[in-house]
Amino acid sequence: MRINSSELSKIKKDLDMMRSEISRIVVGQDEVVNGLIRAILAKGHILLEGVPGIAKTLIMRALAHVTTSNYQRVQFTADLLPTDITGITAYDKNKGFFVVKGPVFTNFLLADEINRAPAKVQSALLEAMQEKQVTIGTKTFIIEEPFFVMATQNPIESVAIFPLPEAQMDRFLFKLYIDYPKIEEEQSILQKNITTNVFEDFKIKSVISSKEIIKMQNLSKRIYVSPEVEKYIVKLVDATRFSAKYKLNNSKYIAWGSSPRASIGLYIASKADALINGKDYVTPKNVRNVAYDVLRHRIILNYEGQAENIKTDDIISEILQKVPTP
């Protein structure tokens with residue numbers, strides 16, 4: 001069943017209000033904010049890479065505030081334990097055994113510098129992301145929706161780092177890059193910085209509720225994708241696997257192409273992009289809008305590509321040029 005125009009208009013208005021409120025405190029990261037909103041609508045999670053001090057934590061906190069959602073932040077370190085994320089079973093002589101839930105039981109979770117934690121901790125978080133549930137002791141607890149994880153990576157450090165395996169990175173819907181602000185943006189940051197001000201000073205309004213997010217997520221599933229656009233999605237992913245067939249100049253640098261999870265990611269993310277733009281159907285432009293975020297961490301370079309400092313974004317750009325648009 002198609003979505004009526006009044007619903008589409010209301011959603012677009014609400015999302016525009018969200019962006020407007022976030023921009024009151026977050027300066028110059030519009031593309032990152034748009035990526036987060038797309039991921040939330042698609043019920044996916046984000047891996048965000050960027051140097052320290054460029055508002056990663058602030059973006060997440062502002063996003064949670066405008067959506068009236070619960071928010072938790074975990075600083076990942078080498079000595080973190082899986083139970084520090086999921087929770088523990090404790091004992092009190094008056095109460096007996098009882099469960100203390102961990103920070104994963106929230107709506108928006110910021111996993112800061114996830115590559116600083118050992119593999120067991122990373123796996124505990126990724127399992128919660130995938131299953132939307134956590135087992136503590138002998139009991140299993142459902143994580144209430146909406147549930148959204150933004151995990152960050154610091155690309156500078158190389159000591160005491162536990163890189164995410166490719167199979168685990170594949171579980172993130174998007175990989176986003178957050179870059180330095182422009183000069184005029186950084187000048188504005190001087191007035192809006194969170195060091196000399198407190199979060200409450202900016203008087204950001206809560207414009208939608210967590211229940212409305214769930215409704216938007218359900219409506220996103222109903223966005224129409226034509227068979228032609230579906231075939232376009234599949235061809236884009238096929239070009240990462242059999243690049244020579246599409247005569248890619250960068251084909252010699254690809255060790256492994258994207259899994260079927262990439263096709264699913266393009267499918268659901270392009271629906272979210274269409275909804276953000278007030279449409280009830282997906283066009284090839286919507287697919288291209290999300291292609292970099294979905295594919296950049298799902299193309300594995302060989303040693304030659306790494307030695308030549310080839311970027312997966314360059315390969316994606318060539319794929320978008322070479323694969324015919326319907």
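As the structure is a prediction and not an experimental result, all values here were calculated from the model. (Residues numbered from 1 in each chain as written. Predicted model: local features only at pLDDT ≥ 70, side-chain atom pairs only at ≥ 80, totals over all residues. Heavy atoms only, no water.)

J.: Could you give an account of the overall build of the chain, naming the residues involved and the relevant values?
T.: Helix and strand content of the chain: 13 helices and eleven strands. Taking 20 Å as the expected radius of gyration for a compact globule of 326 residues, we find that the chain reaches 21 Å, a close match to that expectation. Projected onto the principal axes, the alpha-carbon positions of the chain cover approximately 70 × 50 × 45 Å. Looking at the chain residue by residue over its 326 residues, the buried ones come to 50%. Sequence-distant contacts, at least 24 apart, represent 79% of the contacts inside the chain between residues at least 6 apart. A total accessible area of about 16,400 Å² is found for the chain, and carbon and sulfur atoms account for 52% of it. Of note, the chain has its 43 positive side-chain charges centred 5 Å away from the centre of its 37 negative side-chain charges. (Helix = DSSP H or I, 4+ residues; strand = E, 2+ residues; numbered from the N terminus. Rg over C-alpha atoms; globule rule 2.2 N^0.38 Å. Buried < 20%, exposed > 50% of the residue type's maximum accessible area, 1.4 Å probe, protein only. Contact = heavy atoms within 4.5 Å. Areas by Shrake-Rupley, 256 points an atom, 1.4 Å probe, with all protein chains shown as cover. Lys, Arg positive; Asp, Glu negative; His and termini not counted. Charge placed at Lys NZ, Arg CZ, Asp CG, Glu CD.)

J.: Provide a residue-level description of the layout of surface pockets, including the pertinent values.
T.: Volume-wise, the largest pocket comes out at about 880 Å³. Lining of the largest pocket is provided by 25 residues; of these, Glu49, Gln153, Met169, Lys175 and Tyr177 occupy positions nearest its centre. For the lining of the largest pocket, the secondary-structure elements that each account for two or more residues are helix H6 (166–169), strand S9 (174–177), strand S11 (300–301) and helix H12 (303–307). Estimated volume of the second largest pocket: approximately 510 Å³. As for the second largest pocket, its lining consists of 25 residues, of which Gly53, Ile54, Ala55, Lys56 and Leu58 are closest to the centre. Here the residues of the lining of the second largest pocket sort into eleven nonpolar, eight polar and six charged. (1 Å grid on protein atoms, 1.4 Å probe; cavity = no way out; pocket = protein on both sides within 12 Å on 5 of 7 lines; lining within 4 Å. Points joined across faces, edges and corners; volume = space filled by probe spheres on them. Nonpolar A, V, L, I, M, F, W, Y, C, P; charged D, E, K, R; others polar.)

J.: So what's going on with helix H10 (residues 260–276)? Which residues, and what values?
T.: Taking 1.5 Å of rise per residue, 17 residues should cover 24 Å, and H10 covers 25 Å from first to last C-alpha, within 8% of that figure. The buried fraction of H10 amounts to twelve of the 17 residues, a majority that puts the element mostly inside the structure. For H10, the complete set of buried residues consists of Ala262, Ser263, Gly265, Leu266, Ala269, Ser270, Lys271, Ala272, Asp273, Ala274, Leu275 and Ile276. Of the surrounding elements, those touching the buried residues of H10 are helix H1 (5–22), helix H2 (30–41), S9, helix H8 (210–221), helix H9 (227–241) and helix H11 (284–295). (Expected span 1.5 Å × (residues − 1).)

J.: Got a sec to walk through the pattern of salt bridges? Specific residues and values, please.
T.: As enumerated under the stated definition, the model contains 16 salt bridges in all. One salt bridge connects Lys245 with Asp238, and the closest N-O pair in it is separated by 2.9 Å. Each of the salt bridges in this network shares a partner with another, and the network as a whole consists of Lys10, Asp14 and Glu212. (Salt bridge = Lys/Arg side-chain N within 4 Å of Asp/Glu carboxyl O.)

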